[in-house]
Amino acid sequence: MSLHPALRFSDPRAFAERSIRAHGIALSGGATSDLDSRVLQAWRRSGAAGISPDQEMPARVLTREQVADARQRTPLRHIAADVVASVSDTSAAGRHLVVLTDSRGCLLWRSGSPHVLRRADSIAFAEGADWSERGIGTNGISLALETGTLTHATAGEHYVRAHHGWTCTASPVRDARGRILGVLDVSHPVRFSSSETAALVRCGTRLAETLLANGVGGPSPDDPRPPDAGSRPGPDETTDRGDNPVTEIRLLGWRPSVIRADGSTVDLSPRRAELLALLASREAWTASSLSEALYGDRNATATVRGEVRRLRQLTGLSIDSQPYALASHERGCVDFLSVEHPDDLLPLSEIPAIIDLRYGI
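Note that the structure is predicted; figures quoted are calculated from it, not measured.

Draft legend 1. Structural detail: the sheet that holds strand β6 (residues 246-250). Read from one edge to the other, the open sheet built from three strands follows the order β6-β7-β8, with strand pairing classed as antiparallel. The open sheet has two free edges, formed respectively by β6 and β8 (265-267), since each of these has just one partner strand. Ignoring which end each strand starts from, the neighbouring axes of this sheet average 15 degrees apart. Strand direction decides the pairing type here: strand β7 (residues 257-260) and β8, joined by three bridges, are antiparallel. Paired with Ile259 across the two strands is Thr265, which belongs to β8.

In structure tokens form, the structure reads like this:
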């Protein structure tokens, strides 16, 4: 049985010791049950990409001029300073480092106390460093890019041994269409592991996505062009459906989606899928209750209104307002409502309300 996720916060030292021991066993060709299969798969990809567990520097580090150019080419450039400042602690007592990457995992902004910055410098956790999987092996940033949701990498879960003293919590930052623009990561020494870090990252990500949705910033040279006519809708994109009702809403498993009578599928980003699962779980929600369930903040009602509006526009689902309610005929299409034990409900989600639904609490 793999390490229980709660152990990384309840007893970080034990989690670190067991994960580091499992790292040594797995990389020596042995079998271990102490690590998540997704981490083991990520390690295999890291090795196949030519990354060494004893590597100290990323495969690619941008020059100062290249960093400046990369910042200009990302839509995050207008919000980066506010987002990083909102979750950083630059005081002498600050324990954590905040970084923001581009969509490729290249670190473009960071903030922290002088002590934390010096420690981060020792592992090249600095502006311009490529912290993608192919750049430095499995880490919190690479896992967030791979899974598309909030992730943790603690001690031995990192592929490179030099990173085993750190724990990282990272989340993708998406635009209104669901495209990943970058990753927000909060990292600190393992001994300071806390479940509160995930809440900090979620708040920073929510701020970033709210600023983006409100039009702060603009298109960058790297923004994808609109899809060609006739192309298949991507995550959170939709097309005119006409008389084409929803026949299935899949929220069990790794690929949440909305399926219509003609067989067309709209894939959902993790955030949209969580919102839809919550809407489906009750007959109606007040804005404050929904914002508390989704963000842990009853006052985030403006953000919830925007998210519901975008979900409605992007999927064509019938969602009433005041209170928020998914139409009964579409609730009947939701897969997890018809099974006794929805253990596979959005398996990557760590929102407490989704976990409660998953285990029937």
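Still to come is the rest of the account.
Draft legend 2. Spotlight on the environment of Ala85. Among the secondary structure elements, Ala85 is positioned in helix α5 (residues 80-87). Sequence separation between Ala85 and Ala325 is 240 residues, and the spatial gap between their C-alpha atoms is 36 Å.

Draft legend 3. Region of interest: the packing of helix α10 (residues 270-281) against helix α12 (residues 301-315). Contact geometry for α10 and α12: axes closest at 11 Å, N-to-C directions at 95 degrees. Between α10 and α12, the crossing angle belongs to the class labelled roughly perpendicular. Side by side, α10 and α12 meet where Arg271, Arg272, Leu275, Leu276 and Leu279 of the first sit next to Glu307, Val308, Arg310, Leu311 and Leu314 of the second. Classifying every residue of the contact of α10 with α12 by side-chain character gives six nonpolar, no polar and four charged.

Draft legend 4. Summary view of the packing of α10 against helix α11 (residues 287-295). Two elements in contact, α10 and α11, have axes whose closest approach is 11 Å; the angle formed by their N-to-C orientations is 135 degrees. In terms of orientation, α10 lies oblique with respect to α11. Crossing hand, α10 versus α11: right-handed. Counted together, Arg271, Glu274, Leu275, Leu278 and Leu279 of α10 and Leu290, Ala293, Leu294 and Tyr295 of α11 form the full contact between these two elements. Tallied by class, residues from the contact of α10 with α11 come to seven nonpolar, no polar and two charged.

Draft legend 5. Seen up close, the pairing of β7. Burial along β7 is two-sided: the residues Ser257 and Ile259 and Val258 and Arg260 are all buried. Note: β6 against β7, four bridges, orientation antiparallel. Its bridge partner lying in β7, Arg250 is registered against Ser257. Connecting β6 to the next strand, β7, in antiparallel fashion are six residues, including Gly253 with a positive phi near 95 degrees. Between β7 and β8, which follow one another and run antiparallel, lie four residues, and Gly263 among them has a positive phi close to 90 degrees.

Draft legend 6. Representation of the pattern of salt bridges within the structure. Taken as a whole, this structure holds 16 salt bridges when the rule is applied. We note a salt bridge from Asp121 to Arg110, for which the minimum N-O separation is 2.7 Å. Here Asp121 is found in helix α6 (residues 114-121), whereas its partner Arg110 is found in strand β2 (residues 107-111), with 11 residues between them in sequence. Judged by its relative accessible area of 42%, Asp121 falls in the partly exposed class. Taking the shortest distance from any N to any O, the salt bridge between Arg250 and Glu248 comes out at 3.0 Å. What you see here is one network of salt bridges that share partners, running through Arg45, Glu133 and Glu146.

Draft legend 7. Structural view of the sheet that holds strand β3 (residues 151-154). Strand order in this open sheet of five strands is β2-β1-β5-β4-β3, and the pairing throughout is antiparallel. Two strands close off the open sheet at either side, each with one partner strand: β2 and β3. Put simply, the sheet's adjacent strands are angled 20 degrees from each other on average, direction ignored.

Draft legend 8. Region of interest: empty space enclosed by the protein. Following the criterion strictly, the structure yields three cavities of 30 Å³ or more and no others. The computed volume of the largest cavity comes to approximately 250 Å³. As for the largest cavity, its lining consists of 20 residues, of which Thr149, Leu150, Ser171, Arg271 and Glu274 are closest to the centre. No other element matches helix α9 (residues 196-213), which puts five residues into the lining of the largest cavity. Among the residues forming the lining of the largest cavity, the class breakdown is eight nonpolar, five polar and seven charged. For the second largest cavity, the calculated volume is near 120 Å³. Looking at the second largest cavity, it is lined by 15 residues, and the ones nearest its centre are Arg174, Glu209, Arg272, Glu307 and Arg310.

What counts and what doesn't
- One numbering rule holds for all chains: residues counted from 1, following each sequence as written.
- Whole-chain, interface and lining totals are the exception, using all residues; otherwise, since this is a predicted model, local features are given only for residues with pLDDT of at least 70 and side-chain atom pairs are given and counted only at 80 or more.
- Derived side-chain values reflect all non-hydrogen atoms in the structure, with water molecules and hydrogen atoms excluded from consideration.
- Being paired, for any two strands, means DSSP has found at least two bridges between them.
- Numbered from the N terminus, helices here are DSSP runs of H or I no shorter than four residues, and strands are runs of E no shorter than two.
- All axes are obtained by fitting lines to C-alpha atoms, using only the stretch in contact for helices, and the reported angles, taken between N-to-C directions, cover 0 to 180 degrees.
- Here is the rule for angles: anything less than 35 degrees is roughly parallel, anything more than 145 is roughly antiparallel, 65 through 115 is roughly perpendicular, and the remaining ranges are oblique.
- Contact definition: two residues touch when any of their heavy atoms are within 4.5 Å.
- Each residue receives one of three labels: charged for Asp, Glu, Lys and Arg, nonpolar for Ala, Val, Leu, Ile, Met, Phe, Trp, Tyr, Cys and Pro, and polar for the others, Gly being one of them.
- When the near helix sits turned anticlockwise from the far one by under a right angle, the crossing is termed left-handed; a clockwise turn instead gives a right-handed crossing.
- Type-normalised accessible area, obtained with a 1.4 Å probe on protein chains alone, sets the label of each residue: buried when under 20%, exposed when over 50%, and partly exposed for intermediate values.
- Just to be clear on terms, a salt bridge is a Lys or Arg side-chain nitrogen sitting within 4 Å of an Asp or Glu carboxyl oxygen.
- A pocket here means an open set of points on a 1 Å grid, computed over the protein atoms alone, that has protein on both sides within 12 Å along at least five of seven lines. A cavity is instead a set of points where a 1.4 Å probe fits but cannot get out; residues with an atom within 4 Å of a point line either one.
- Grid points are joined across faces, edges and corners, and a volume is the space filled by probe spheres set on the points.

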